[in-house]
Each structure stands twice: as structure tokens, then as C-alpha cells.
Amino acid sequence: MIRAIVTDIEGTTGSIRFVHQVLFPYARANLGDFVRANAEREDVAEQLTATRELAEAPAADLEAVIAILEGWIDADRKATPLKALQGMVWAQGYADGDFTGHVYPDAVKGLRDWKERGLSLYVYSSGSIQAQKLLFGHSDVGDLTPLFAGYFDTTTGPKQEAESYRRIAGQLGIPGAEILFLSDVVAELDAAAAAGFHTWQLVREPDMVTGDHPRASRFDEVSFSG
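Let us look at the structure shown here. (Residues numbered from 1 in each chain as written. Predicted model: local features only at pLDDT ≥ 70, side-chain atom pairs only at ≥ 80, totals over all residues. Heavy atoms only, no water.)

**Notes on the packing of aromatic side chains**
Using the criterion set out here, one finds twelve aromatic pairs in the structure. Aromatic pair Phe-24 and Trp-90: ring centres 6.4 Å apart, planes at 20°, arrangement stacked. Taken as a pair, Phe-24 in helix H1 (residues 16–38) and Trp-90 in helix H4 (residues 80–95) lie far apart in primary sequence, 66 residues in all. You'll find Phe-24 and Trp-90 in the same group, each marked buried. The interplanar angle of 75° and the centroid separation of 5.3 Å between the aromatic rings of Tyr-124 and Tyr-165 together place this pair among those described as edge-to-face. With Tyr-124 in strand S2 (residues 120–124) and Tyr-165 in helix H7 (residues 162–172), the pair connects residues that are 41 residues apart, well separated along the chain. (Phe/Tyr/Trp six-rings, centres within 6.5 Å; stacked < 30°, edge-to-face > 60°. Helix = DSSP H or I, 4+ residues; strand = E, 2+ residues; numbered from the N terminus. Buried < 20%, exposed > 50% of the residue type's maximum accessible area, 1.4 Å probe, protein only.)

In C-alpha cells:
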């Protein structure tokens, strides 16, 4: 019986286009100025140090670090310090009302229905936990964060490795066989299944790559016992 649901965001609860056409360009346009203005702030400085370490460029000055970060954005690299800094930039954008977080109406209804049924809901995304909370906290329909019991990001591990899902199960204290994972990406679903999770693939776009997982185009098509 399913006791917990872990969901991806991009392509699952919300549109891929929102991330690639709104969030990423906003971060690309504003990251440099944000870092220059806040480089001495403790949380920003910590991520700049992490960027130098990850890039193996310990002597990089501020402009060089900004160039590294912008290069990672252009390459769509899932680098943890970049995700953290992007989250800080997006926080300002959400606060200023420059955009709201896109969530499909069927995902909103499905999440609310599952919450009412007593299921525990979690998010696992390559975006930072901060970015996840911002998106759901400033969604098109208001604050959805009360629906979720917790969040996971790349600090838990890569989304295409089974060990990451074993860590999630361990942190939840729930066997993988009692957790359902939702994603649009076959490699992530394969990794979750290897860790014993139940899986459903959300197929919201035409010509998507599909695998050996149950498929749904909407949350109300997802079925399970629990």
C-alpha cells in the first residue's frame, strides 16, 4: 500500500516551458548583478566558494566565477551551488511579482486529493529546495507549500541514481515499496524502480521518450492502492 508520494516538478507538476522560458532566462539575465551586489552576504559567499571548488578554480575572481555560473546556466548543468544562487535570484523575482510558479490544474487537484486521503507528499527536483518552495509558495493558485511534508534536491544525490531514492526512503522511514514516484523522465523512474519505488510516468508532451512504467497525461489518471 502506498503511504507517500514523491513528485518531480519540471514536466510533472508544471510545464517544462515555464522553467526553460521563464525561470532560466530570468536567472541568466539577473544572476551577475545579483552576485555583484551580494557577494559579501554569507549565504552567497558560501555558494561562490562552492562554485570555485566544483570548477576547480580556487583563484577565480568574482567576474570569473560569474562567467562560470553563466556558462553552467547555458549548459543546463545541474550544479548545486548554481541551483542555490538561482533560487536566491528567483526569490526576488517572485517577491517582485515578475512571475508566478506554473502548476498544472490537474496536479493541484491531485495533490490536494491525495493529501486529504492521508498520503504524505514530497518533492524531489534538480532545482534547489529553496527554488521548489518558492515555486509552490508563489504558484498560479497561491501558496501550495502546506501540501508538502518535505523536499529533496541534488544534495540527496543525482536523480538518475538508485542510491538517491534509497536515501529518500531512509530519511522518510518508509520502505520503497510503499512510496510512489512521479516523473516525466524515464531514467529517473528507472532509478526509483531499482530502489523499490512504485512509479508512474507523466507524459504531457508529444513524442516523449517512454519506458516500462505506467503512463498518465494527468494526475487524475494515476492509480494506486493507498
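**Looking at the pairing of strand S4 (residues 179–183)**
The buried fraction of S4 amounts to five of the five residues, a majority that puts the element mostly inside the structure. Burial of the side chains of S4 extends over both faces: Ile-179, Phe-181 and Ser-183 are buried on one face and Leu-180 and Leu-182 on the other. Both strand S1 (residues 4–7) and S4 contribute to a ladder of four bridges, which runs parallel. Within S4, the position partnered with Val-6 by the bridge is Phe-181. (Pairing = 2+ DSSP bridges.)

**Description of the sheet that holds strand S6 (residues 215–216)**
Taken in spatial order, the six strands of this open sheet run S3-S2-S1-S4-S5-S6, and their pairing is parallel. A strand with exactly one partner marks an edge of an open sheet, and here the two such strands are strand S3 (150–152) and S6. With respect to the sheet, helix H8 (residues 186–194) is in contact with S4 and strand S5 (198–202), its orientation differing from that of S5 by roughly 170°. (Contact = heavy atoms within 4.5 Å. Axes fitted to C-alpha atoms, helices over the stretch in contact; angles between N-to-C directions.)

**Focus: the pairing of S5**
Counting buried positions along S5 yields four of five residues, so the element is predominantly enclosed. One ladder, built from four bridges, connects S4 with S5; its direction is parallel. Counterpart to Ser-183 in the pairing with S5 is Gln-201. Considered for its hand, the β-α-β crossover made up of S4, H8 and S5 is right-handed. (Right-handed = clockwise from strand over helix to strand, strands pointing away.)

**Focus on the packing of H1 against H4**
The interhelical angle for the contact between H1 and H4, taken along N-to-C directions, is 95°, at an axis separation of 9 Å. Between H1 and H4, the angle falls in the class roughly perpendicular. On the side of H1, the interface is formed by Phe-18, Leu-23, Phe-24, Tyr-26, Ala-27, Asn-30, Leu-31 and Phe-34, while H4 contributes Leu-82, Lys-83, Leu-85, Gln-86, Met-88, Val-89, Trp-90, Gln-92, Gly-93 and Tyr-94. Its residues assigned to classes, the contact of H1 with H4 shows 13 nonpolar, four polar and one charged. (Parallel < 35°, antiparallel > 145°, perpendicular 65-115°, else oblique. Nonpolar A, V, L, I, M, F, W, Y, C, P; charged D, E, K, R; others polar.)

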